[in-house]
Amino acid sequence: MSRKAPTPSTVKLLYGLSNNTCSNPTCKNPIIKDGVPLGEICHIEAASENGPRYNKNSDDEYRRSFENLILLCEACHKIIDIKIEAYPTSLLTQWKDQQESKSNEFEINTELLELLISKFREQHNYYNQGSGTQIIINPSIHIERKINKVEKGESDNIFLFQYIDTAGNHTEERKSFEEFLKPFIKDKEAQIKILRKSLSDKEKIEGLLDEKVLKLSNEIIKIEEEKQQLETHVKHFLTELEGKNLSETTTLYREAFELFIAGKIKDALAVLDDANLEVAEQKAIESIKQTAETRILKAQILRVDHKYKEASENYEKAVSLYGSWDNCLEAADYFYFIHKYQKSYDYYQQCLQKAGNNEQKASTLNNLGNLQNKINEFKKAEEVYTAALNIYRKLATNNPKKYLTDLAMVLNNFGTLLHNMNEFEKAEKAYVEGLKIRRELAKSDPQTFLPKIAIILNNLGVLQKDTNEFEKAKKVYAEALEIRRKLAKKKPQVYLPDVAMTLNNLAILQKESNEFENAEKVYLEALEIRRELAKKNPQTYLPDVADTLNNLGNLQRIQSKFKNAEIVLNEALDIYKELAEYNPQAYLPNVAMALNNLGILQRVINEFKKSEKVYEEALHIRKELANHNPQIYLPDVAGTLNGLAILQEVKNEFDKAENAHLEALSIRKELAKDNPQTYIPDLAITKINLGIFYQDSKINKEKSIQFTDEAVSHLLPFKEIPYIQNYLEAAFTTLRKWDINVEEYWQNKLKEAEE
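Residues numbered from 1 in each chain as written. Predicted model: local features only at pLDDT ≥ 70, side-chain atom pairs only at ≥ 80, totals over all residues. Heavy atoms only, no water.

- Labelled according to an unreviewed UniProt entry, the chain appears under the name Tetratricopeptide repeat protein, originating from Kordia aestuariivivens.
- For the record of the chain, the UniProt heading Subcellular location (unreviewed entry) holds the text "Cytoplasm, Cytoskeleton".
- Listed under Sequence similarities (unreviewed entry) in UniProt, the entry text for the chain is "Belongs to the kinesin light chain family." (UniProt positions renumbered as here; feature names shortened; annotations may be inferred.)

### Section: the overall build of the chain
Working step 1: Across its full length, the chain holds 32 helices and 9 strands.
Working step 2: Scored against the burial criterion, the 755 residues of the chain give a buried share of 50%.
Working step 3: A separation threshold of at least 6 residues defines the contact pool for the chain, and within that pool the share at least 24 residues apart is 60%.
Working step 4: In the structure as shown, the chain presents an accessible area of about 36,500 Å², 49% of it carried by carbon and sulfur atoms. (Helix = DSSP H or I, 4+ residues; strand = E, 2+ residues; numbered from the N terminus. Buried < 20%, exposed > 50% of the residue type's maximum accessible area, 1.4 Å probe, protein only. Contact = heavy atoms within 4.5 Å. Areas by Shrake-Rupley, 256 points an atom, 1.4 Å probe, with all protein chains shown as cover.)

### Examining the pattern of salt bridges
Working step 1: Here the structure, examined in full by the defined rule, presents 30 salt bridges.
Working step 2: Residue Lys-610 is joined to Glu-607 by a salt bridge in which the shortest nitrogen-to-oxygen separation is 3.7 Å.
Working step 3: Glu-607 sits in the partly exposed class, given a relative accessible area of 26%.
Working step 4: Where Arg-736 meets Glu-729, a salt bridge forms, and the shortest distance between an N and an O atom there is 3.1 Å. (Salt bridge = Lys/Arg side-chain N within 4 Å of Asp/Glu carboxyl O.)

### Structural notes on the side chain of Arg-530
Working step 1: Inspection of the secondary structure assignment puts Arg-530 in helix H22 (residues 516-536).
Working step 2: We note that Arg-530 is buried and unpaired, the nearest opposite charge coming from Asp-544 at a distance of 4.5 Å.
Working step 3: Ignoring anything within four residues of it in the chain, the contact list for Arg-530 reads Pro-497, Ala-500, Met-501, Tyr-541, Asp-544, Val-545 and Thr-548. (Lys, Arg positive; Asp, Glu negative; His and termini not counted.)

### Some details on the pairing of strand S3 (residues 40-43)
It is a general feature of regular strands that their side chains alternate between the two faces of the sheet.
Working step 1: Across the two faces of S3 the burial is the same, with Glu-40 and Cys-42 and Ile-41 and His-43 all buried.
Working step 2: In this sheet, strand S4 (residues 69-72) lies alongside S3 in antiparallel orientation, the contact comprising 4 bridges. Bridging across to S4, His-43 finds its partner in Leu-69. (Pairing = 2+ DSSP bridges.)

### Details of the packing of aromatic side chains
The geometry of an aromatic ring pair is captured by two quantities: the separation of the ring centres and the angle between the planes.
Working step 1: This structure, assessed with the given rule, holds 9 aromatic pairs.
Working step 2: Each ring, one from Tyr-87 and one from Trp-95, has its centre 5.7 Å from the other, and the planes form 70°; the classification is edge-to-face. The exposure classification of Tyr-87 matches that of Trp-95, with both residues buried.
Working step 3: Among the aromatic side chains, those forming a connected cluster through ring pairs are Tyr-315, Tyr-334, Phe-335 and Tyr-347. (Phe/Tyr/Trp six-rings, centres within 6.5 Å; stacked < 30°, edge-to-face > 60°.)

### Re the nonpolar core
Working step 1: Ile-147, Phe-161, Phe-184, Phe-237, Phe-257, Ile-301 and Phe-732 are the most contacted members of the largest nonpolar core, which has 181 residues in total.
Working step 2: Broken down by element, this core gets its largest block of residues, 10 residues, from helix H16 (residues 378-398).
Working step 3: Setting aside residues no more than four positions away along its own chain, Ile-147 makes contact with Phe-161, Gln-162, Tyr-163, Leu-246, Arg-254, Phe-257, Glu-258 and Ile-261.
Working step 4: Of all hydrophobic cores here, the second largest spans 14 residues; its members include Ile-44, Cys-76, Tyr-87 and Leu-91. (Core = buried A, V, L, I, M, F, W, Y, C linked by side-chain atoms within 4.5 Å.)

### Comments concerning the confidence of the model for the chain
Working step 1: Chain-level pLDDT for the chain is 82 on average; 87% of the residues reach the 70-or-more range.
Working step 2: In the predicted structure, residues 125-144 sits below a pLDDT of 50 and forms 41 contacts with residues beyond four places in sequence or in another chain. (pLDDT = per-residue confidence, 0-100.)

### As for helix H21 (residues 492-512)
Working step 1: With 21 residues, H21 extends 30 Å from end C-alpha to end C-alpha; this agrees with the ideal 30 Å at 1.5 Å per step.
Working step 2: In the segment just after H21, Asn-514 is the residue with positive phi, at about 65°. (Expected span 1.5 Å × (residues − 1).)

### Quick look at the environment of Leu-297
Working step 1: Turning to its location among the elements, Leu-297 is positioned in helix H11 (residues 288-304).
Working step 2: Along the primary structure Leu-297 and Glu-240 are separated by 57 residues, whereas in three dimensions their C-alpha atoms are 10.0 Å apart.

Below, the structure is given as structure tokens:
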């Protein structure tokens, strides 16, 4: 008997609550990366009788239900199904509940949902017909025939290729996606086969914990991820072509398509040479739509071939020829994927103008608001979130059961934006409204919405802490803590981690209230919970232990309990280093963070040599990380250089401090070139620091004024943002010390900006 696939709504809910990470708490692998599904939907209790954790007393409806499914990366999926005793049903259920309780509510659009469902079907071979016999036909593709149309067959995994010959005869070939994919992935499958053979030999000889075995396993995972990305791109390509009448496309399109479906990517791109396309564009003025579709085809093939620069050019040309909603959306998603945020923003704006319905428009507005928030366009993000809220309010009026959840999600996101803008009253209003909705929803479904109530209470508590409403914040944290303590009584393995997290937030509040003894007690309670959890499941909870130790050490430094602080900070560092040995990609950043905190402590207690040593080690790690992923880690490099420069100034090593400041300046200049909206404020604060340095440490009036003036010019476009106003005040302080009339200077700057 064939097993049942989950419904689309179940798949959407799983991914929407995933926080876009593997549900294994010790794993940081993304579930979706750059629009490509990498994760896998896994059964907690197996769907078939011989599967892991099969429950004979269950039924097929439960086995495919939301409650029995969990999202994991490919590597973790393999591990839990091999080591069944180490990963029982109770532990996987705990992972699932913990992950979903701290979700940031990830938006899943229709196109992405179709990809996710297709991936699940491929993963579990859900392409059965009748009694369950798989239809796998492997016809040859004859390139001399003219392909006419591609359709889906009896299942999502079967494709029908329709041909027409010169005599007008029509033929049809049925082909499974696996067979179609073979020429694209054969090289990667050969590599995987060789590595698995080596791994099998290593396992027989050396055991699973050997470093070489782990290295081989990681290589296999990497190649399998590349293979999965390729499969997803090709599947998306075929799905987009469903029902398309190729006889209505250009000759170039048909020739390239026939070469591509034969696995001949280079030949297909040769056919689609720019010179050929430009000739076609001149001849096809009256068929602009067809030519634009051909450009999209080329961009999709180039994307499969990882040629992103050329793909970008073709997406832009396609939209300029025919700016349909589909083409604009394809371009917007692509440019977000390659971190070209301004272009992505522009195309999303075009998409909004062409959106087909209000639900689609509201969903796009929410995502656009997230993008604008990311690039510090706070006012625009505010307008976009407001528009999304207006739509969801109307939709929820007619269908509250469906749309109130979405309304609460946008309110939460909107509240976070307003908090960032220091619009504290508005932020509180948004949080309170979202909280009210979730309280109502929790009356009928407490299991789903009580954890979400605790999440928004947490956000509200952070807001109230930042507005110095400490008593209100204490009450909010107390309610969140009460909810989680009650949940933990029934399911301690699931909710004790959340109790510890809330205790951690409460301790931060108490620290900022100067209630140092109370904060220390709360940190110690959180630490005790996390240590107990780590005894039973060290892989999951040791990172949380390290996090709490790190916070406690920083508190004890403030309390002048320097010996205690040094002990706990070193313990946190040791844990992070141990974790980084097995998963450096996930935990080396934490190692650098812990080194940075230890460096601050050692600087405070005048252990300058030790402080400099750990700063240098943190800097080395972050530079190594930045070599592989500069977009993420170069900002951290600049931050560490700033801390090191401050230490060197204290030591009167002014030349070294100057070099560190200037290196940070160089990094932030480069970052600001590619993403000015995000990094120009960081560039400005670096120049402000240099202005202060040349005023107080290595006196040079000309340089001090020059750097400070450049910083003010950088900050002018952002002058309405509250934290930017703090930066400007720091710059004005430097100028006043040089006897400059700041009021007159500022008015001149404003006039220059207007001109």
